[in-house]
Amino acid sequence: MNIKPLADRVVVKMVEAEETTKSGIVLPGTAKEKPQVAEVKAVGPGTEEVKMEVKVGDRVLISKYAGTEVKMDGVEYTILKQNDILAVVE
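These remarks concern the structure in this document. Think of each chain on its own: its residues are numbered from 1, step by step along the sequence as written. Thresholds applied to this predicted model are a pLDDT of at least 70 for local features of residues and 80 or more for the giving and counting of side-chain atom pairs; totals over whole chains, interfaces and linings are not thresholded and use all residues. Calculated side-chain values reflect all of the structure's heavy atoms, with hydrogen atoms and water omitted.

**As for the overall build of the protein**
- By definition, any uninterrupted DSSP run of H or I lasting at least four residues is a helix, any uninterrupted run of E lasting at least two residues is a strand, and each is numbered from the N terminus. Scanning the protein from N- to C-terminus turns up zero helices and eight strands.
- Secondary structure elements of the protein occur, N-terminal to C-terminal, as β-β-β-β-β-β-β-β.
- Per-residue accessibility, obtained with a 1.4 Å probe over protein chains only, is compared with the maximum for each type, and a residue is labelled buried under 20%, exposed over 50%, and partly exposed between these values. In the protein, which comprises 90 residues, the proportion classed as buried is 26%.
- Exposure was quantified through the Shrake-Rupley algorithm and a 1.4 Å probe, taking into account, for residues, occlusion by the shown protein chains and nothing else. Carbon together with sulfur atoms contributes 50% to the accessible area of the protein, which is approximately 6,400 Å² in total.

Listed below in C-alpha cells is the structure:
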C-alpha cells in the first residue's frame, strides 16, 4: 500500500542512526531522543498558495513535535505539512 499525501503535506521516514559515545559505547536508536532528520518518501501536489520545495529522496530536518505518526506494513512514517520542514540536509 502506498501513501499519497494531499495538498502541501509530505510523508517522511525518520532516519535512526546509531551513535557512539566518547568511551565507545554504542547507543541504539531507542536510547536517544526522537531524531529530527528524516528522508522524504512522498510529496503532495501543493496548493495555489504553497509551492512544494522538497522532493522524494531529500533528507530534511523537521520540527521536533511536527506531524502525525502512522504505521503501514510494519514501517513507521510521519505525515507533516511542508512548513514543518526546517531545512534540507545536504
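**Some remarks on the pairing of strand S6 (residues 68-72)**
- As paired elements, S6 and strand S7 (residues 75-81) share five bridges and run antiparallel to each other. Along S7, the bridge assignment pairs Val70 with Tyr77.
- The hairpin turn running from S6 into S7, its antiparallel successor, is two residues long, and Asp73 in that turn takes a positive phi close to 55°. We treat two strands as partners when DSSP finds at least two bridges between them.

**Comments concerning unusual backbone geometry**
- The phi torsion at Ala7 lies on the positive side, around 50°, for a residue other than glycine.
- Structurally, the position occupied by Ala7 is in the segment before strand S1 (9-14).
- If you check the backbone angles, Asp73 has positive phi at about 55° while not being a glycine.
- By the secondary structure assignment, Asp73 is in the loop between S6 and S7.

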